Amino acid sequence: MSGSSAVKNLTEIEMKIEAILFVASQPVTLKEFNEVLSLKNREIAQALQNLQVHYDIGHGLSLKKISGGWKLFTDPSLNEILSVFRDTSERQHVRLSKAAVESLAVIAYNEPVTRSEIEEIRGVRCERVIETLLSHGLIRIAGRGKGTGSPLLYRTTPDFLDIFGLDSISELPTLDELKDLSAEFSLTGVE
Amino acid sequence: MFQEAEAVRTIKRLSELEVSVEGFSGPLDLLCCLVENRQVEISLIKISEIVGIYGAFLSGSGKAPLNVIADFISATAGLILEKVLSLLPGYFQESPEKKTEREVSEEELRMILERYLPYRNAARHLLVLKSERDLLFSPEHEEESPLYTLGDLFSLSSLWWDLLEKKAGKSKINTGKRSLHLEGMPVPVPDEKQVETRISELMVFLERVKDVNLRRVMGSQSDIPRFVVTILALLELSRLGKISLQQEEMFGDVRIICCEKLDRN
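Residues numbered from 1 in each chain as written. Chains lettered and ligands numbered in written order. Predicted model: local features only at pLDDT ≥ 70, side-chain atom pairs only at ≥ 80, totals over all residues. Heavy atoms only, no water.

### Side note on the overall build of chain B
Regarding its fold elements, chain B presents 10 helices and three strands. Start at the N end of chain B and walk to the C end: the helices and strands fall as α-α-α-α-α-α-α-α-β-α-α-β-β. Taking all 265 residues of chain B together, the buried fraction comes to 24%. Residue pairs in contact within chain B that sit at least 24 positions apart in sequence constitute 52% of those at least 6 positions apart. By element, 59% of the accessible surface of chain B is carried by carbon and sulfur atoms, the whole surface being about 19800 Å². (Helix = DSSP H or I, 4+ residues; strand = E, 2+ residues; numbered from the N terminus. Buried < 20%, exposed > 50% of the residue type's maximum accessible area, 1.4 Å probe, protein only. Contact = heavy atoms within 4.5 Å. Areas by Shrake-Rupley, 256 points an atom, 1.4 Å probe, with all protein chains shown as cover.)

### Points about the overall build of chain A
Tallying secondary structure elements over chain A gives 11 helices and five strands in all. Counted over contacts in chain A with a minimum sequence separation of 6, partners at least 24 positions apart contribute 46%. Here chain A displays about 10900 Å² of accessible surface, and carbon together with sulfur accounts for 53% of that area.

### Focus: the interface of chain A and chain B
For an interface, size is often stated in terms of accessible area lost upon the parts coming together. If you look at the interface, chain A gives 54 residues, while chain B gives 37 residues. Together, the buried faces of chain A and chain B total about 4400 Å²; carbon and sulfur atoms form 59% of this surface. In this structure, the connection of chain A to chain B is made through three salt bridges. With its nearest N and O atoms 3.7 Å apart, the salt bridge here joins Glu82 of chain B to Arg125 of chain A. Where chain A packs against chain B, one counts five residue pairs in polar contact (both at pLDDT 80 or more). The element best represented in the side of chain A that touches chain B is helix H6 (residues 98-110) of chain A, accounting for eight residues. Split by residue class, the side of chain A that touches chain B holds 27 nonpolar, 12 polar and 15 charged. (Buried area = accessible area lost by both parts, 1.4 Å probe. Salt bridge = Lys/Arg side-chain N within 4 Å of Asp/Glu carboxyl O. Polar contact = N/O pair within 3.5 Å; in protein donor to acceptor, adjacent residues only side chain to side chain. Nonpolar A, V, L, I, M, F, W, Y, C, P; charged D, E, K, R; others polar.)

### A short note on the pairing of strand S1 (residues 61-66) of chain A
Residue and element names in this part refer to chain A. Here six bridges tie S1 to strand S2 (residues 69-74), and the two strands are oriented antiparallel to one another. When the sheet's bridge partners are listed, Leu63 is paired in S2 with Leu72. Linking S1 to S2, which pair antiparallel, is a turn of two residues; within it Ser67 sits at a positive phi near 50 degrees. (Pairing = 2+ DSSP bridges.)

### A short note on the nonpolar core
In this structure, Leu96, Leu104, Leu133, Phe160 and Phe164 of chain A together with Leu126 of chain B are the most contacted members of the largest nonpolar core, which totals 33 residues. Breaking this core down by element, the ones donating at least two residues are H6, helix H7 (115-122), helix H8 (127-135) and helix H9 (158-163) of chain A together with helix H6 (106-133) of chain B. Looking at which element gives the most residues to this core, the answer is H6 of chain A, with nine residues. Residue contacts for Leu133 of chain A: discarding those within four places in its chain leaves Leu96, Ala100, Ser103, Leu104, Ile107, Leu138 and Ile139 of chain A. (Core = buried A, V, L, I, M, F, W, Y, C linked by side-chain atoms within 4.5 Å.)

### Comments concerning the packing of aromatic side chains
Aromatic rings considered in pairs are described by the distance between their centres and by the relative angle of their planes. In this structure the tally under the stated criterion is two aromatic pairs over all chains. With a centroid separation of 6.4 Å and 80 degrees between ring planes, the pair formed by Tyr109 of chain A and Tyr119 of chain B is classed as edge-to-face. In this pair, Tyr109 of chain A is assigned in helix H6 and Tyr119 of chain B in helix H6, connecting two distinct chains. As far as burial versus exposure is concerned, Tyr109 of chain A and Tyr119 of chain B are alike and both buried. Seen from their ring centres, Phe160 of chain A and Phe164 of chain A are 5.1 Å apart, and the 50 degrees between their planes marks the pair as tilted. With respect to class, Phe160 of chain A is no different from Phe164 of chain A; both count as buried. (Phe/Tyr/Trp six-rings, centres within 6.5 Å; stacked < 30°, edge-to-face > 60°.)

### Considering the packing of H7 of chain A against H6 of chain B
Packing of H7 of chain A against H6 of chain B leaves a shortest axis separation of 8 Å and a crossing angle of 100 degrees. In terms of orientation, H7 of chain A and H6 of chain B fall into the roughly perpendicular class. For the pair formed by H7 of chain A and H6 of chain B, the contact residues are Glu120, Ile121 and Arg122 of chain A on the first element and Arg115, Tyr116 and Tyr119 of chain B on the second. When grouped by side-chain class, the residues that make up the contact of H7 of chain A with H6 of chain B number three nonpolar, no polar and three charged. (Axes fitted to C-alpha atoms, helices over the stretch in contact; angles between N-to-C directions. Parallel < 35°, antiparallel > 145°, perpendicular 65-115°, else oblique.)

### Some words on the side chain of Lys83 of chain B
Residue and element names in this part refer to chain B. Within the secondary structure layout, Lys83 lies in helix H4 (residues 66-87). Among the polar contacts listed, one links the side chain of Lys83 to the backbone oxygen of Ile45, at a separation of 2.4 Å. Those residues within four positions of Lys83 in sequence are excluded, and the remaining contacts are Ile42, Ser43, Ile45, Lys46 and Ile47.

### What about a nonpolar patch on the surface?
A cluster of nonpolar side chains, contributed by Ile224, Phe227, Val228, Leu232, Leu235 and Leu245 of chain B, occupies part of the molecular surface with about 530 Å² of accessible area. For Val228 of chain B, the location among the structural elements is in helix H10 (residues 224-239). (Patch = residues over 30% accessible without salt bridge, like charges linked within 9 Å, V, L, I, M, F, W, Y side chains within 5 Å.)

### Quick look at the pattern of salt bridges
Per the counting criterion, the structure on display carries 19 salt bridges over all chains. For Arg155 of chain A, the salt bridge identified is with Glu111 of chain A, shortest N-O distance 3.7 Å. Of this pair, Arg155 of chain A sits in strand S5 (residues 152-156) while Glu111 of chain A sits in the loop between H6 and strand S3 (113-114); the two residues are 44 residues apart in sequence, bridging distant segments of the chain. Across the pair Glu236 of chain B and Arg239 of chain B runs a salt bridge whose closest N-O atoms are separated by 2.8 Å. Of this pair, Glu236 of chain B and Arg239 of chain B both sit in helix H10, three residues apart, which is roughly one turn of that helix. Residue classification places Glu236 of chain B among the partly exposed residues on the basis of a relative accessible area of 26%. Linked by salt bridges that have partners in common, Arg115, Glu119, Arg125 and Glu127 of chain A together with Glu82 of chain B make up one network.

### Re the confidence of the model for chain A
Residues and elements named next belong to chain A. Residues at a pLDDT of 70 or more form 86% of chain A, whose mean pLDDT is 83. Contacts of residues 1-5 to residues separated by more than four positions or lying in other chains number two contacts, the stretch itself having pLDDT below 50. The low-confidence segment residues 187-191 (pLDDT under 50) makes five contacts with residues lying over four places distant or belonging to another chain. (pLDDT = per-residue confidence, 0-100.)

### Brief notes about unusual backbone geometry
Residue and element names in this part refer to chain A. The step from Glu111 to Pro112 runs through a cis peptide bond, and the omega angle for that step is -5 degrees. By secondary structure assignment, the location of Pro112 is in the loop between H6 and S3. Notably, Ser38 is not glycine yet its phi reads approximately 50 degrees, a positive angle. Here Ser38 is to be found in the loop between helix H2 (30-37) and helix H3 (41-56). By relative accessible area, Ser38 is classed as exposed at 61%.

Here it is as structure tokens:
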């Protein structure tokens, strides 16, 4: 692949967008691009698509739509070398227990949801798991429910989308679709 | 003596062994989960022993990242809380609930499991997504700037101005009497001083034009602070009997009539 692709110069808009993405610490939304570049959303979206194609071939970077915005990442194929180069895998990648991911799933599909509702579905106590998820910033308190004692309601955060590589919650399969996934998971070896 | 030797042997064994428990952040996480689910009786666990062994393991390993220590403290705190609750009277009042749980019929249990299964699959799906996402790296950015209180902001801005002046070659030792005049920002003047100045301006103007309306006095300078200062100045001149103010219609223009030769002193 190396050297086989023709070098394509970026347009001025694409260069500007590339520079913004390079310095951005969070995913950049179309609105944010618009505020800076004063261009039509259509033009920005087109430039982003062109950049995405540009990075797809023969680059160490990739452009992804994540958590409602756009962000530059390293190419997935370079994972090993980057883990060796920089001990960031521990810091950048949050490790979550099975219980934590399961609780996150319940919250993501039912948000806003109370702790007792999560516990009812999972059949176990979730106090500590919720505290862990709150401390990692993967869920947030989203007000209080109307039930007895006005229990706290929980919602997922943009960090949740980021950590699971999602653009929005709607990208997740529906619960009905998930009912039939057991066979698929056993085939792919996911425990 | 025997116990100490045993502890040393345990620590040595632990430092040679890395335990990875699938689905859990570590052995302590697993223990906490077992305790929470009442699969292990917390009152039988010596937390001090766990803390001692784990502490020695960390110091022996020579690396103790902050997040690992924080997780450890959090897990230990959770265990202590469980233990305290288990030792306090009334802890086992939950037992009737357990009885109810045991009384769940087979049909109800099947329904509970049916409802739970999609979420279990959702968790698996999320784990697949996460493993894909973990292959991606993005630039590490410094932590967000710390928050400053108002006082801090003042000293911080003073520091910035010093640096700017230094860069511009106007370096002087900070005398502590910094001028707060910023480009484009009006210099703050005490209210009474502003009104006095405006009275003087109006007196000069009214000497030339004896009968005028407020709109003309204001001209193009119609910003609110200037308007307020002008009104205050006119009221003061009216109080002194030097002008008379007339307004025929509510919210209409105000007519200003000069009553006598204005004495500017």
